Amino acid sequence: GTSAEVIKNLVLAGIAATLCDRRPAHVLDSSPCFFSPMTTGDSATGEDVTTNADNAVQTKKVKYASVAEAVQPLVEELNPLLGSCPILSKDVSDLVEEDLKDFTVVV
């Protein structure tokens, strides 16, 4: 929804993001957000594409436990210059002021 659009726009503008969404990854399957799966219909499973020593392309299924884990590679792909996109391991309802002190914007 709205938070995905905000994150997308901030990352495209060069602002680093930290993700915090421990909901099960399958909730993206019925979500109309930017990071929803378009082809597989199963965000709890993604594909990791690699090239082996013989330059042969290999794909393997990757299981995601949370929304944050499922969208992390997509956020990182939007702007590779920002590097990795960390994930906060706490539940949103458990965050306290100390957890948020290093952030300028919280969506």
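Residues numbered from 1 in each chain as written. Predicted model: local features only at pLDDT ≥ 70, side-chain atom pairs only at ≥ 80, totals over all residues. Heavy atoms only, no water.

1. Observations regarding the overall build of the protein chain
- The secondary structure content of the protein chain amounts to three helices and two strands.
- The linear arrangement of helices and strands in the protein chain, starting from the amino end, is α-β-β-α-α.
- The buried share among the 107 residues of the protein chain stands at 22%. (Helix = DSSP H or I, 4+ residues; strand = E, 2+ residues; numbered from the N terminus. Buried < 20%, exposed > 50% of the residue type's maximum accessible area, 1.4 Å probe, protein only.)

2. Remarks on the pattern of salt bridges
- Applying the stated criterion across every chain yields a total of five salt bridges.
- The salt bridge involving Lys101 is made with Glu98; its shortest N-O contact spans 3.7 Å.
- Assessed through its relative accessible area of 52%, Glu98 is described here as exposed. (Salt bridge = Lys/Arg side-chain N within 4 Å of Asp/Glu carboxyl O.)

3. As for helix H1 (residues 2-12)
- For H1, every residue scored as buried is listed here: Ala4, Lys8 and Val11. All buried residues of H1 fall inside an arc of 75 degrees around its axis, so they share one side.
- Tucked inside the fold, the buried residues of H1 contact helix H2 (67-78).
- Immediately downstream of H1, the backbone of Gly14 shows phi near 95 degrees, a positive value. (Arc of directions from axis to C-beta. Contact = heavy atoms within 4.5 Å.)

4. A word on the confidence of the model for the protein chain
- For the protein chain, mean pLDDT is 81; residues scoring 70 or higher make up 77% of the total.
- Confidence drops under pLDDT 50 across residues 38-42; counting only partners more than four residues distant or on other chains, this segment forms four contacts. (pLDDT = per-residue confidence, 0-100.)

5. Some details on the layout of surface pockets
- In this structure, the largest pocket encloses a volume near 850 Å³.
- Around the largest pocket, the lining is made up of 33 residues, and of these Ile7, Thr18, Leu19, Cys20 and Val107 lie nearest the centre.
- For the lining of the largest pocket, the secondary structure elements donating two or more residues are H1 and H2.
- It is H1 that provides the largest number of residues to the lining of the largest pocket, a total of six residues.
- Taken together, the residues of the lining of the largest pocket sort by class into 25 nonpolar, five polar and three charged. (1 Å grid on protein atoms, 1.4 Å probe; cavity = no way out; pocket = protein on both sides within 12 Å on 5 of 7 lines; lining within 4 Å. Points joined across faces, edges and corners; volume = space filled by probe spheres on them. Nonpolar A, V, L, I, M, F, W, Y, C, P; charged D, E, K, R; others polar.)

6. Observations regarding the side chain of Lys8
- Among the structural elements, Lys8 can be located in helix H1.
- A relative accessible area of 15% means that Lys8 is categorised as buried.
- In this view, Lys8 contacts Phe34, Phe35 and Leu78; residues no more than four positions away in its chain are not counted.

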